[in-house]
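These are the residues of each chain, in order.
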Amino acid sequence: MKPYRTILYMAVGLAVFMLACGQDVQPTRQPTSRVPAATTAAQPAAPTATSSPQTPPTDEPQGGIPVYEWVATWGADPSDGVSFTSPNGIAIDPSDNVYVTEFRGNRVQKFTPDGVLVTQWGSEGSAEGQFQNPTGITVDGEGNVYISESGNHRVQKFTSDGRWLASWGSRGSGEGEFLSAMVVAADADGKLYVSDWGNNRIQVFDSDGAFLKAWGPSGTQLGELATPTGLKVDSDGHLWVVDRGNSRVQKFTRDGEFLATWGIVGAGLGQFRVPTSIAIDEDGNFYVAEVENSRVQIFSAEGEYLSELAPGFLSGPHGLAFDSMGNLYVGDTRNNVVKIFKLADSRPAGQ
């Protein structure tokens, strides 16, 4: 047999062996760190798979790394009168009352900061005040509560005690229509941003539901979206989008101008598998929950990997929110509970 045939057969045999063992023989894709030329100098580059620290988080904060400790779980003991069925979205008002949507329970529950049930509303259906798979929730500066529904393809507006005020949206691809309204976020001016999952875009409304604009063509390039989910407006007015289908987080101006991106698909540090939610702490660090990796990763404002929240303690998390004291609330969806974590120090080390 000629030498080149021997080499060819050896290569084929190796590939078959790797496939039989469940290994991926496709070349590894590296994250894209380029941004459009007009914004290159002003934007942080996306981290590569090797740019993040490879050592696990330590027990003490080092170099500005926030370290949290678990302090409570809501819903673990139904005899306490609190239970959840797929907790999905979490929002906290200025008084630190906590609102939780239940994807399969089709209701909203409101709690005091101590976990005492204040009120609940909703049932399965499509009438005013009813829900079909509610996902996102936010509270505006006036205390109004907005809930997005993936099943009814709409957003509903309520008072803080659950009284229905308005709703908008229906199934479709036109202005103000949705193919699963996934998450809603409010900015300081009262504008509402809704991730339109099936239409691969972000829609913007005023507080009464009047359509203002939309952006995000479907795709994999910078600024394009694929089944967007989590949203958060930061203190500078920038909109952070969990671009679930592209396994990354993208940052935009409130007008939809692309600023930066982080992440690729994977289970390594700084990588994502089915990311769902995002939260931002008072220092600008951002937190990303992932369903398939069952974790919450913590990054600096520049996208540097910092640590992981409570490794092995969550299962399919959705919903992240901070209260005024810096406590982090996490919807531990597959475990049907909400878990609360407290920052170990008053501020991350080095601040």
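Residues numbered from 1 in each chain as written. Predicted model: local features only at pLDDT ≥ 70, side-chain atom pairs only at ≥ 80, totals over all residues. Heavy atoms only, no water.

**A closer look at the environment of Arg163**
Here's step 1: Among the secondary structure elements, Arg163 is positioned in the loop between strand 8 (154–158) and strand 9 (164–168).
Here's step 2: Separated by 35 residues in the primary sequence, Arg163 and Glu128 place their C-alpha atoms 10.0 Å from one another.
Here's step 3: Non-local contacts of Arg163, meaning those with residues more than four positions away in its chain, are made with Lys157 and Phe158. (Helix = DSSP H or I, 4+ residues; strand = E, 2+ residues; numbered from the N terminus. Contact = heavy atoms within 4.5 Å.)

**A look at the pairing of strand 23 (residues 328–332)**
Here's step 1: Among the 5 residues in strand 23, 5 count as buried, and that is most of the element.
Here's step 2: Burial along strand 23 is two-sided: Leu328, Val330 and Asp332 facing one way and Tyr329 and Gly331 facing the other are all buried.
Here's step 3: Pairing between strand 22 (residues 318–322) and strand 23: 4 bridges, direction antiparallel. In the sheet register, Ala321 faces strand 23, and the bridge partner there is Tyr329.
Here's step 4: The sheet contact formed by strand 23 and strand 24 (residues 337–343) spans 5 bridges and is antiparallel. Bridge pairing in strand 24 places Gly331 opposite Val338.
Here's step 5: The hairpin turn running from strand 23 into strand 24, its antiparallel successor, is 4 residues long, and Asn336 in that turn takes a positive phi close to 55 degrees. (Buried < 20%, exposed > 50% of the residue type's maximum accessible area, 1.4 Å probe, protein only. Pairing = 2+ DSSP bridges.)

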